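# Fold and geometry: a report
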Amino acid sequence: NMLVAGKTMAQSFMANSATRLHPTEWSTGTAAGVAAAYMARTGKTARQALESVAEVQKLVKAKTPIDWTIPADAYTAK
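Since the structure is predicted, the reported quantities are computational estimates derived from the model, not experimental observations.

The subject of this paragraph is the overall build of the protein chain. In terms of regular secondary structure, the protein chain is built from 4 helices and 0 strands. For the protein chain, the share of sequence-separated contacts (at least 6 apart) that also reach a separation of at least 24 residues comes to 45%. Element-wise, carbon and sulfur atoms account for 62% of the exposed surface of the protein chain, whose accessible area totals about 6200 Å².

Here we come to the side chain of T64. Mapped onto the fold, T64 is located in the segment after α4 (53–63). Among the polar contacts listed, one links the side chain of T64 to the backbone oxygen of V60, at a separation of 2.6 Å.

Moving on, we come to α4. Regarding α4, the residues found buried are V56, L59 and V60. Considered in projection along α4, the buried side chains sweep an arc of 100° and stay on one side of the axis. Turned more than 90 degrees off the buried face of α4, the exposed positions are A54, Q57, K58, K61 and A62.

As a further point, take the environment of V60. Relative to the assigned elements, V60 resides in helix α4. By relative accessible area, V60 is classed as buried at 18%. Sequence spacing of V60 and A32 is 28 residues, and the spatial spacing of their C-alpha atoms is 8.6 Å. Not counting the four nearest positions on each side in its chain, V60 is found in contact with A31 and V34.

What follows concerns the environment of V4. Within the secondary structure layout, V4 lies in the segment before α1 (13–19). Each C-alpha atom of the pair V4 and T28 lies 8.5 Å from the other, and the pair is 24 residues apart in sequence.

Most often, soluble globular proteins keep nonpolar side chains buried together rather than apart. Of all hydrophobic cores here, the largest spans 8 residues; its members are V34, A35, Y38, M39, A49, V56, L59 and V60. When residues of this core are traced back to their parent elements, those giving at least two are α2 (22–42) and α4. Per element, the largest residue contribution to this core is 4 residues, and it comes from α2. Not counting residues within four places of it along the chain, the set of residues in contact with L59 comprises V34, Y38 and R41.

The rules behind the values
- Residues numbered from 1 in each chain as written.
- Predicted model: local features only at pLDDT ≥ 70, side-chain atom pairs only at ≥ 80, totals over all residues.
- Heavy atoms only, no water.
- Helix = DSSP H or I, 4+ residues; strand = E, 2+ residues; numbered from the N terminus.
- Contact = heavy atoms within 4.5 Å.
- Areas by Shrake-Rupley, 256 points an atom, 1.4 Å probe, with all protein chains shown as cover.
- Polar contact = N/O pair within 3.5 Å; in protein donor to acceptor, adjacent residues only side chain to side chain.
- Buried < 20%, exposed > 50% of the residue type's maximum accessible area, 1.4 Å probe, protein only.
- Arc of directions from axis to C-beta.
- Core = buried A, V, L, I, M, F, W, Y, C linked by side-chain atoms within 4.5 Å.

Encoded structure:
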């Protein structure tokens, strides 16, 4: 039972080019953390959590940021 996230993912050059930005790494890390918390709370193994992937995805969507961009008005004087 191991959840792998971030730079430890095995992937092709093209996939790495698409995921090499820090926000993507942060997102995979936070998603792995939510999945680990789900498994700890429910007592499920990684295989059992995979069988309940829709429930895990719902939690990830609710508990992790999906947009790491800075709002356009962040640089305007207030």
